[in-house]
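Secondary and tertiary structure notes
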Amino acid sequence: MRGSGQWITRYDPETKKVTHYNAINGDAQATQAVSGGFMSREGVLWITTWSGNIYRVDPFHPNIGHHSTGSIVDAIHEDRSGILWVGTFLGEGLLRIDRAKGSLKKYLNESPPDRFFDSWITAFYEGMDDTLWIGSGNGLYLFDRKKQTFIKLYRNNPNNERSLSKGFVTAI
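Throughout what follows, the structure given in this document is the object of discussion.

Thresholds applied
Residues numbered from 1 in each chain as written. Predicted model: local features only at pLDDT ≥ 70, side-chain atom pairs only at ≥ 80, totals over all residues. Heavy atoms only, no water. Pairing = 2+ DSSP bridges. Helix = DSSP H or I, 4+ residues; strand = E, 2+ residues; numbered from the N terminus. Axes fitted to C-alpha atoms, helices over the stretch in contact; angles between N-to-C directions. Buried < 20%, exposed > 50% of the residue type's maximum accessible area, 1.4 Å probe, protein only.

**Comments concerning the sheet that holds strand 9 (residues 84-89)**
Spatially, 8-9-10-11 is the arrangement adopted by the four strands of the open sheet, whose pairing is antiparallel. Whereas interior strands pair on both sides, the edge strands pair on one side only; in this sheet they are strand 8 (72-78) and strand 11 (103-107). Ignoring strand direction, the axes of neighbouring strands in this sheet form an average angle of 20°. Alignment of strand 9 against strand 10 (residues 94-98), held across four bridges, turns out to be antiparallel. Bridge pairing in strand 10 places Trp85 opposite Arg96.

This is the structure we're talking about:
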């Protein structure tokens, strides 16, 4: 699937058929505001929008599920255990969605220092050692799921030429 600014286009390689969708659940603005997409391991397409919505497009079910984050969704990642990690742009911060339990946890401006405090999440990477790397507008974090703690590893330091140049991490 691909957003064109006017619709979402789906190409089926089996039938070689192209289908244009000009609305999601009757919302034409949703197709015009696609910011990204992610295909989960079970074949569900998660579409994110600039208006802060996440749509769940399951090829085996006609209904399209919807969740509003309240902020622009900038990054999305499904970890090995099936948890969805959602990064927002200057709003809700980091969201953890456990679809099996039906729970949502927000990480934003938490304390003490081993907690997360960034509101612009730009990238995710899952390490082989069960750690989750999180890129943000202010640096690079490491989340240790066993300890449930965040460590801010790299950020911009104008006095250190080896630090991140601007603090902004776009990909990991």
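**A short note on the environment of Thr49**
One can find Thr49 in strand 5 (residues 45-49). Residue Thr49 is classed as buried on the basis of its relative accessible area, which comes to 0%. For the pair Thr49 and Ser35, spaced 14 residues apart in sequence, the C-alpha separation works out to 4.7 Å.

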